[in-house]
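# Understanding the architecture of this molecule
The lines below spell out each chain.
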Amino acid sequence: MKLSQLILALSVSISGAAFAADNHGHDLKPMHGGAVAEAKEVEYEFVASADKLQLYMRDHGKPVAVAGMTAKVTLLAGSEKQDVQLQAGDGKLEATGSFKVPAGTKAVVAVSKAGKSVASVRFTLK
C-alpha cells in the first residue's frame, strides 16, 4: 500500500470515530417543553412549573419504563434551596406541590431504581 493511501485510510477511520463519539448522531431536543440533558446514554427531560415537576427519560428515542424508579430533585433558585422527591407516574417521574422555579433555576436530579443510583443529571431552567 502506498503511503498516501495509508494516510487517507487512517484519516477516514479517525474521522469516523470522532463522528461516532459526537452525541451519537442525535440532537437533544425537548419533547415536553423542558430542559434536556444526557447521562449514561439516556436522555432526561426535566419540566418544571410552579405546581408540578416532571422527569421524562428516553433511551435511543424510546421511553424508559419508570416502574420502581424515584428521583430526588434539588432546586437552587438564587439563595433558596428546595428538595423534592419524584415518584413514578404515567411514563414519567413526577411531583406536585408548590415550587419556586424562575428562569435560571438550577436543578440537580439524582435518579435511582430499587435504592441504587442510576444517574445524576443537572439542568438550568429557562
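Heads up: the structure comes first, above all this text.
I will try to describe carefully the structure that is included in this document. Note that this is a predicted model, so its numbers are computed, not measured. (Residues numbered from 1 in each chain as written. Predicted model: local features only at pLDDT ≥ 70, side-chain atom pairs only at ≥ 80, totals over all residues. Heavy atoms only, no water.)

This next bit is on the pairing of strand E9 (residues 116-124). Relative to E9, strand E8 (residues 106-113) runs antiparallel, the two sharing 8 bridges. Opposite Lys-113, over in E9, you have Lys-116 as the bridge partner. Where E8 hands over to E9, the hairpin turn is made up of 2 residues, of which Ala-114 adopts a positive phi near 55°. (Pairing = 2+ DSSP bridges. Helix = DSSP H or I, 4+ residues; strand = E, 2+ residues; numbered from the N terminus.)

Turning our eyes to something else, we now look at unusual backbone geometry. Even without a glycine there, the phi angle at Lys-40 is positive, about 50°. A positive phi is found at His-60, a non-glycine position, where the angle reads about 55°. Turning to its location among the elements, His-60 is positioned in the loop between strand E3 (52-59) and strand E4 (62-63).

As a further point, take the layout of surface pockets. By volume, the largest pocket amounts to about 190 Å³. In this structure, the largest pocket is lined by Gly-33, Gly-34, Ala-35, Phe-46, Val-47, Ala-48, Val-101, Thr-124, Leu-125 and Lys-126. The leading source of residues in the lining of the largest pocket is strand E2 (residues 42-48), at 3 residues. For the lining of the largest pocket, the class distribution of residues is 6 nonpolar, 3 polar and 1 charged. (1 Å grid on protein atoms, 1.4 Å probe; cavity = no way out; pocket = protein on both sides within 12 Å on 5 of 7 lines; lining within 4 Å. Points joined across faces, edges and corners; volume = space filled by probe spheres on them. Nonpolar A, V, L, I, M, F, W, Y, C, P; charged D, E, K, R; others polar.)

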